[in-house]
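# Tertiary structure, described
Here is what each chain is made of, one letter per residue.
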2 protein chains.
Amino acid sequence: MRTPPQRGRRQGRTTSRELILGSARKLFAEHGYAATSLREIAREAGVDPAMVHHWFTGKEELFNACVELPADPAQVLGGVSETAAEVRGEALLRAILVLWDSAAQPALLALLRSAAGSRAQGALIRQVLVKRVLVRALAGLPGSQTELDRRGALVASQMIGLMVSRYLLRVEPLASAGHDELVALIGPTLQHYLTGPLPGMP
Amino acid sequence: MRTPPQRGRRQGRTTSRELILGSARKLFAEHGYAATSLREIAREAGVDPAMVHHWFTGKEELFNACVELPADPAQVLGGVSETAAEVRGEALLRAILVLWDSAAQPALLALLRSAAGSRAQGALIRQVLVKRVLVRALAGLPGSQTELDRRGALVASQMIGLMVSRYLLRVEPLASAGHDELVALIGPTLQHYLTGPLPGMP
C-alpha cells in the first residue's frame, strides 16, 4: 500500500482516486451495481486493482462515494426547503431536473439501477430518499407527521416515476422535454401532493 | 433431448417446464435478469440444466415466458379500454393494482428490475409499455397523436413511480395502503393526465 497522494488531490489534479471514481460511475451506470466488479473498474480506470483497495474499503464504499459526491441532498435541496409552500412543487422539480441534467446523471442512473438491483440496495436507497431527500422537500410544511409522510411518499412516487421514464426508459416526449415544459406538466401534481387537499386528511 | 410431455402439460399437471418457470420468476425477481443464470434456475427447479434448454432457446425466451404468462396487457387492460373517459384513471389504476397484488407480482418485479438493469432491457420494456400498455389505456380518448403520446407518458410516469415506490422501494404509507386509498390519492392525478387540460394543448 502506498501513501495516498494527498497533495495532488488537494490541488485538484486527476489522481488515481478520481480516475477510479470516474470509471466506477460509468460502469455502475451502464451495468448496475451487482454486475460491476472492482476488477473491471480498475481495468477501466487503467490502474492496478490494488489501487482500488487502497482508496476504498470495498464496492459499497466506492459506490457511496460515486453517489454522494455529485449529489449532496443538503446542497441540492437547501434552497427548496426555504421556498414558500405554494411554490414548493415547482422549486423541487426544478432543483431535481437541474441535478439530473448535470454531470451527476451517470451516478444518479447508477443509483436507480442499484435500487432496482436487489432488496438490500432498494432498502438503502429508500433510507436516503426518506431521510435525506423528502425531509428537505417537506421542511416547514404544515401537518402531522402522518400527513407529511403521506405527502412525501406521493411526491416520491411522481418524482421517481418521472426520473425512471425520462432518464432510464427514455419515454417520449418526457425524455426530450425541456425543464419549463416538465414544470408546466408535472409541477401542479407535485404541488397538489405537497399542499393540496388529500382524502382522509383534515 | 426428450420429447416434451405434451399430454401432461395439456392436463395441467406440474411439468418440468412449469417448475422451471416458477423458479425463474422467483430468481429473476430476487436477483434481477442479469444476475440470474439458467444453471441457477435449473438448480432451484431441481431439474437438469439440459431440461431448461429443452424448453427454452435461452434466457431471454425464458424471461419473456415469465413476463408474458401472468400479464397479457390485452386481458388486463381490455376492460379499461372500454370504460368511459371520465373514469378511465380510476379503472386503469385499479386494474394495474389488482395485477400487481396477484400471483404475477414476482414476474412484474423481475420486469422492473430488468428494465433498470441495462439500456437494452430498458428499451425492450419501453416498447412493451408504449405499444401494449399505454395504447390500451388511451384507447378511444380524443386528441391528436402528439397529445395522446404526451398524456400516455405522463400516465406512465405516475404509474411507474407508484409501482417502484410501493413494490420495489416499499416507501410507506404507499407500500401498505389498500387499493381504495391509492385510488383516492392518485386516481385524480391519472385522470388529469388522461383527460384534463394540459398546458400547450388546445
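Cut-offs applied
Residues numbered from 1 in each chain as written. Chains lettered and ligands numbered in written order. Predicted model: local features only at pLDDT ≥ 70, side-chain atom pairs only at ≥ 80, totals over all residues. Heavy atoms only, no water. Least-squares fit on C-alpha atoms with pLDDT ≥ 70 in both. Contact = heavy atoms within 4.5 Å. Phe/Tyr/Trp six-rings, centres within 6.5 Å; stacked < 30°, edge-to-face > 60°. Helix = DSSP H or I, 4+ residues; strand = E, 2+ residues; numbered from the N terminus. Buried < 20%, exposed > 50% of the residue type's maximum accessible area, 1.4 Å probe, protein only. UniProt positions renumbered as here; feature names shortened; annotations may be inferred. Core = buried A, V, L, I, M, F, W, Y, C linked by side-chain atoms within 4.5 Å. Buried area = accessible area lost by both parts, 1.4 Å probe. Salt bridge = Lys/Arg side-chain N within 4 Å of Asp/Glu carboxyl O.

With that settled, the discussion passes to the relation of the copies chain A and chain B. Between the two copies of this chain, the relationship is a rotation about some axis together with a displacement along it. Under the fitted operation, chain A is carried onto chain B by 0.0 Å of movement along the axis and a turn of 180 degrees, and the coordinates agree to an RMSD of 0.1 Å. Put plainly, the chains are arranged around a two-fold axis. Of every C-alpha in chain A, the one belonging to Gly161 of chain A sits nearest the axis of rotation, 1.7 Å from it. An overlap of 100% is found between the interface residues of chain A and their copies at the interface of chain B, pointing to a shared contact surface.

The description of two aromatic rings rests on the distance between their centres and on the angle between their planes. Residue and element names in this part refer to chain A. All chains considered together, the criterion is met by two aromatic pairs over all chains. With a centroid separation of 4.8 Å and an interplanar angle of 25 degrees, the aromatic rings of Trp100 and Tyr167 are classed as stacked. Highlighted residues: Trp100 in helix H7 (residues 88-100) and Tyr167 in helix H10 (residues 145-168), separated in sequence by 67 residues. Tyr167 matches Trp100 in its accessibility class, with the two residues each being buried.

Let us now look at the UniProt feature "DNA-binding region" (unreviewed entry) in chain A. Using the residue numbers shown here, the UniProt feature "DNA-binding region" (unreviewed entry) corresponds to residues 37-56 of chain A. Across residues 37-56 of chain A one finds 75% helix and 0% strand; the C-alpha atoms that close the span lie 13 Å apart.

If you look at the biggest cluster of nonpolar residues, it comprises 131 residues, and the most contacted ones within it are Ile20, Leu62 and Leu169 of chain A together with Ile20, Leu62 and Leu169 of chain B. Those residues in contact with Leu169 of chain A, other than ones at most four positions away along the chain, are Val164 of chain A together with Ala115, Gly122, Ile125, Arg126, Leu129 and Ile160 of chain B.

With 39 residues of chain A at the contact, the number on the chain B side is 39 residues. Buried surface at the junction of chain A and chain B, summed over both partners, amounts to about 3300 Å²; 63% is from carbon and sulfur atoms. By the criterion of area lost to chain B, the three top residues of chain A are Ala116, Leu169 and Leu185 of chain A, representing 17% of everything that side buries. For the interface between chain A and chain B, the tally reads two salt bridges. With a shortest N-O distance of 2.9 Å, Glu181 of chain A and Arg150 of chain B are connected by a salt bridge. Among the elements of the structure, helix H2 (16-31), helix H8 (105-117), helix H9 (119-137), H10 and helix H11 (179-195) of chain A are those that each provide at least two residues to the side of chain A that touches chain B.

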